[in-house]
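So the chains spell out like this:
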Amino acid sequence: MTRVGSVTRWLAVGALLAGAAAAQPPAMRIEVEAPPTLAGVATRVAAEVPDLQGVQALLGDAPLPARVRVVLAEQDSPEGRSAPTWVSGYALPAIDTIVLFPARVPAYPDRNLPTLLAHELAHLLVDHAAGGHRMPRWFEEGVATVAAREWGLEDSARFAAAVIGPGPGTLRAVDEGFVRDAGQVARSYALSSALVRHLLRRSGKDAIARILARVRQGEPFDVAFERTSGLPLGSFEQDFFGREVFWRTWVPFLSGSAALWMLITALALLAIWRRRRLDAAQRAAWEAEEGVPALPPDEPPDRREWVH
Ligand SMILES: [Zn+2]
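These remarks concern the structure in this document. (Residues numbered from 1 in each chain as written. Predicted model: local features only at pLDDT ≥ 70, side-chain atom pairs only at ≥ 80, totals over all residues. Heavy atoms only, no water.)

## Comments concerning the coordination of the zinc ion
In step 1: The protein atoms that coordinate the zinc ion are His119 (NE2), His123 (NE2) and Glu141 (OE), at distances of 1.9 to 2.1 Å.
In step 2: Written as a sequence motif, the donor residues of the zinc ion are H-x3-H-x17-E. Of the two residues, histidine 119 sits in helix α4 (residues 113-129) while glutamate 141 sits in helix α5 (residues 137-148), which places them 22 residues apart along the sequence. There is no split in this pair, since histidine 119 and glutamate 141 are both buried. (Donors = N, O, S within 2.8 Å, 3.2 Å for Na, K, Ca; no water. Helix = DSSP H or I, 4+ residues; strand = E, 2+ residues; numbered from the N terminus. Buried < 20%, exposed > 50% of the residue type's maximum accessible area, 1.4 Å probe, protein only.)

## Looking at the packing of α4 against α5
In step 1: Put simply, α4 and α5 touch, their axes get as near as 8 Å, and they point 130° apart. Classed by the angle they form, the pair α4 and α5 counts as oblique. Between α4 and α5 the crossing geometry is right-handed. Taken together, the residues of α5 that come into contact with α4 (itself represented by Thr115, Ala118, His119, Ala122, His123 and Val126) are Glu140, Glu141, Val143, Ala144, Thr145, Ala147 and Ala148.
In step 2: Grouping the constituent residues of the contact of α4 with α5 by class yields seven nonpolar, four polar and two charged. (Axes fitted to C-alpha atoms, helices over the stretch in contact; angles between N-to-C directions. Parallel < 35°, antiparallel > 145°, perpendicular 65-115°, else oblique. Left-handed = near helix turned anticlockwise from the far one by under 90°. Contact = heavy atoms within 4.5 Å. Nonpolar A, V, L, I, M, F, W, Y, C, P; charged D, E, K, R; others polar.)

## With respect to unusual backbone geometry
In step 1: Positive phi outside glycine occurs at aspartate 96, with the angle close to 45°.
In step 2: Inspection of the secondary structure assignment puts aspartate 96 in the loop between β5 (89-92) and β6 (97-100).

## Concerning the packing of α5 against helix α8 (residues 182-203)
In step 1: One way to put it is that α5 packs onto α8 with a least axis distance of 8 Å and a crossing angle of 80°. The angle between α5 and α8 places the two elements in the roughly perpendicular class. Mapping the contact onto sequence places Trp138, Phe139, Glu141, Gly142, Val143, Thr145 and Val146 in α5 and Tyr189, Ser192, Ser193, Leu195, Val196, Arg197, Leu199 and Leu200 in α8.
In step 2: For the contact of α5 with α8, the per-class residue count stands at nine nonpolar, four polar and two charged.

## A word on helix α9 (residues 207-216)
An α-helical turn contains 3.6 residues, so any two residues separated by three or four positions project in the same direction.
In step 1: Within α9, burial applies to Ala207, Ile208, Ala209, Ile211, Leu212 and Val215.
In step 2: Residues of α9 that are buried make contact with α2 (53-59), α4, α5, α8 and α10 (221-229).
In step 3: Looking at the residues trailing α9, positive phi occurs at glycine 218, about 110°.

## Section: the nonpolar core
In step 1: Of all hydrophobic cores here, the largest spans 70 residues; its most connected members are Leu72, Trp138, Phe139 and Ile208.
In step 2: If one sorts the elements of this core by residue count, α8 sits on top with ten residues. (Core = buried A, V, L, I, M, F, W, Y, C linked by side-chain atoms within 4.5 Å.)

## Considerations on the pattern of salt bridges
Side chains that differ in sign of charge can pair as their charged atoms come close.
In step 1: Scanning all chains against the criterion turns up ten salt bridges.
In step 2: Of the charged contacts in the structure, one is a salt bridge between glutamate 31 and arginine 29, with a shortest N-O distance of 2.8 Å.
In step 3: Using a relative accessible area of 24% as the deciding quantity, one classes arginine 29 as partly exposed.
In step 4: Note that arginine 202 and aspartate 239 form a salt bridge whose closest N and O atoms lie 3.7 Å from each other. Highlighted residues: arginine 202 in helix α8 and aspartate 239 in helix α11 (residues 233-255), separated in sequence by 37 residues. (Salt bridge = Lys/Arg side-chain N within 4 Å of Asp/Glu carboxyl O.)

Written out as structure tokens, the structure reads:
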């Protein structure tokens, strides 16, 4: 980390990020700027610039921006007022700038500032790797989310909720979800991430890098996608929303240990309930025939069924 000094009203902190290989010289300079009120946060952000080797492995040997500005902004700044409250950060690839709102972290899918910064840096790197060509939102967001961190339990839960509930069922609906309310945005993030992971499993670890290289050379995204994966985008979409969702959500749920124990518990409760009804019916019959005394009224009716 190199401190570059203060500029009017803003604190500027610099950090150098090494290239993909350890032997390479630093390739990208990251400068963190913040108003004096966020100076402490800026120092921490600059000291914890995420390791982007994972991102670069995903994107291949694509060109890197020489300098990235990371602007930390307050809620009531012009940047803060112009972005919806659930946006905790955004990237401006055309000017290699990232704006982060520390007060809005954590929010799914990035629960802390270093992960959020990794996500936004991935957006800039994807833009450079694609030669500035825009790609579908699900692809850009999926790559950024996959690059920023590992898939976790919350992703699984949100993915399951999105596909079991009334979530998006097409790539287009995933894209549209990113500009709706916070709930739909979270669903679209989870699905984008799952889509990109599905693509990597299907077409190899270098699939993203190969698609980006083709797009950088001028191929339309759909063509680059099909030539890389051997599958038209429409078939990939059907494969994901049909087979993949079924095997990744319904089958694990129905065959999982949690479901098994729920089933066993339900069957046990049903057996106990039926036994109690039979007991009560038999006791009533005995009482009627032989005058057997009933249980005392303060005795819990299911006392005999408890086992510890
Ligand atoms: Zn993003």
